[in-house]
Amino acid sequence: MSSARKGIWLGLGAYLLWGLLPVYWKALRTVPAPEILMHRIVWSFGFLALLIILSRQGRTLFAAATQRRTLAIYLGAALLLGLNWFVYIWAVNHNRIVETSLGYYINPLVSVALGVVVLRERLGAIQWVAVGIAALGVLFLTWQYGAFPWVAVVLALSFACYGLIKKTAPLPALPGLTIETALLWLPAAGYLGALESQGIGHFGQSGGWGDSLLVLTGVVTALPLLLFASAARLVKLSTLGLLQYVSPTCGLILGVAVYGEPFPRARALGFGIIWLALAVYWLAGRAAHRPALGAS
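The notes below deal with the structure included here. (Residues numbered from 1 in each chain as written. Predicted model: local features only at pLDDT ≥ 70, side-chain atom pairs only at ≥ 80, totals over all residues. Heavy atoms only, no water.)

**Regarding the packing of helix α6 (residues 97–117) against helix α7 (residues 125–145)**
The geometry of α6 relative to α7 is characterised by a closest axis approach of 11 Å and an angle of 145 degrees between their N-to-C directions. As α6 runs across α7, the sense of the crossing is left-handed. Taking contact as the criterion, the partners of V98, E99, L102, Y105, I106, L109, V112 and V116 in α6 are, on α7, W128, V131, A134, A135, V138, L141 and Y145. (Axes fitted to C-alpha atoms, helices over the stretch in contact; angles between N-to-C directions. Helix = DSSP H or I, 4+ residues; strand = E, 2+ residues; numbered from the N terminus. Left-handed = near helix turned anticlockwise from the far one by under 90°. Contact = heavy atoms within 4.5 Å.)

**Side note on the nonpolar core**
Membership of the largest hydrophobic core comes to 57 residues, with the highest contact counts inside it found for W18, W25, L28, Y162, F228 and L240. The element that contributes the greatest number of residues to this core is helix α5 (residues 68–92), accounting for ten residues. Residue contacts for L240: discarding those within four places in its chain leaves G11, Y15, F228, A231, A232 and V235. One finds L109, I133, A156 and I274 within the second-largest nonpolar core, a separate group that totals 22 residues. (Core = buried A, V, L, I, M, F, W, Y, C linked by side-chain atoms within 4.5 Å. Buried < 20%, exposed > 50% of the residue type's maximum accessible area, 1.4 Å probe, protein only.)

**Describing unusual backbone geometry**
Backbone geometry follows two general trends: most residues other than glycine have a negative phi, and most peptide bonds adopt the trans configuration. At R56, a position not held by glycine, the phi torsion is positive, near 55 degrees. By the element assignment, R56 lies in the loop between α3 (33–55) and α4 (58–65). Since its relative accessible area comes to 79%, R56 is described here as exposed.

**Section: the environment of P172**
Checked against the element boundaries, P172 lands in the loop between α8 (150–168) and α9 (173–197). P172 gets classed as partly exposed once you look at its relative accessible area, which sits at 38%. For the pair formed by P172 and F159, sequence separation is 13 residues and the distance between their alpha carbons is 19 Å.

**Structural notes on the packing of α5 against α8**
Across the interface, α5 lies against α8 with an axial gap of 9 Å and an inter-helix angle of 150 degrees. What the angle tells us is that α5 and α8 run roughly antiparallel. Crossing hand, α5 versus α8: left-handed. Residue-level contacts link I73, Y74, G76, A77, L80, L81, L83, N84, V87, Y88, W90 and A91 of α5 to W150, V151, V154, L155, S158, F159, C161, Y162, I165 and K166 of α8. For the contact of α5 with α8, the residue count by class is 18 nonpolar, three polar and one charged. (Parallel < 35°, antiparallel > 145°, perpendicular 65-115°, else oblique. Nonpolar A, V, L, I, M, F, W, Y, C, P; charged D, E, K, R; others polar.)

What follows is the structure, given as structure tokens:
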């Protein structure tokens with residue numbers, strides 16, 4: 001399997017897992033979003049540190065931790081990731097899953113723009129047409145909402161910029177993500193400790209099932225991020241951005257079909273325009289890689 005194809009499969013796996021995350025956060029809806037976020041950070045770092053030990057990558061991690069430039073890069077990634085996590089959890093548990101889907105439909109456009117402007121990646125003429133169609137769909141959806149969709153915009157910008165950093169980051173996926181969570185671990189642990197000292201923390205008060213869900217936030221958080229970080233190093237940022245349509249489509253289906261969020265015809269039209277853009281981009285990519293007639 002070529003590295004590009006492997007990257008596509010890794011990215012697809014990440015986006016499928018992210019698309020199903022609303023189910024997980026809904027199961028924790030009685031816990032405030034800031035507290036869930038801090039548990040994500042604390043348990044993710046523990047899970048990743050275990051993987052570092054098992055894979056014997058401790059030397060790589062400690063060597064990177066002594067370089068200021070590397071730490072600065074991953075601090076930026078960590079802050080963007082923390083912002084993205086918080087807004088997403090808050091929106092899911094405030095019945096705005098459809099708006100999070102809009103954010104992750106906008107995000108590929110931002111990723112494509114960053115890939116072209118910052119990394120000098122090139123798009124074919126038909127791919128530009130696809131991007132234009134998607135932009136029209138997003139503008140229509142924004143107009144249809146009738147208000148500035150701040151949840152969608154924050155999610156789109158934060159994760160697109162995070163993807164750009166991961167594309168150019170110096171470390172492999174596992175050490176890089178471990179450093180990101182390590183940089184956030186101390187304030188997160190301090191926050192949870194303060195809650196517990198005041199007797200208002202939910203850990204230990206939600207029963208075995210609730211506590212297990214909080215602990216496993218580390219696994220459900222780290223696994224798709226590791227897949228994404230690996231994919232970002234193997235495929236073009238623009239390609240990775242377009243793959244992301246898988247995640248919001250899953251979220252949209254969950255929000256409308258499972259959790260009963262409104263989805264009027266006008267909104268469905270806007271999403272349909274974006275799906276058309278994805279189909280055009282995908283077909284253009286297949287045509288570009290198809291062997292010429294008569295080739296061996």
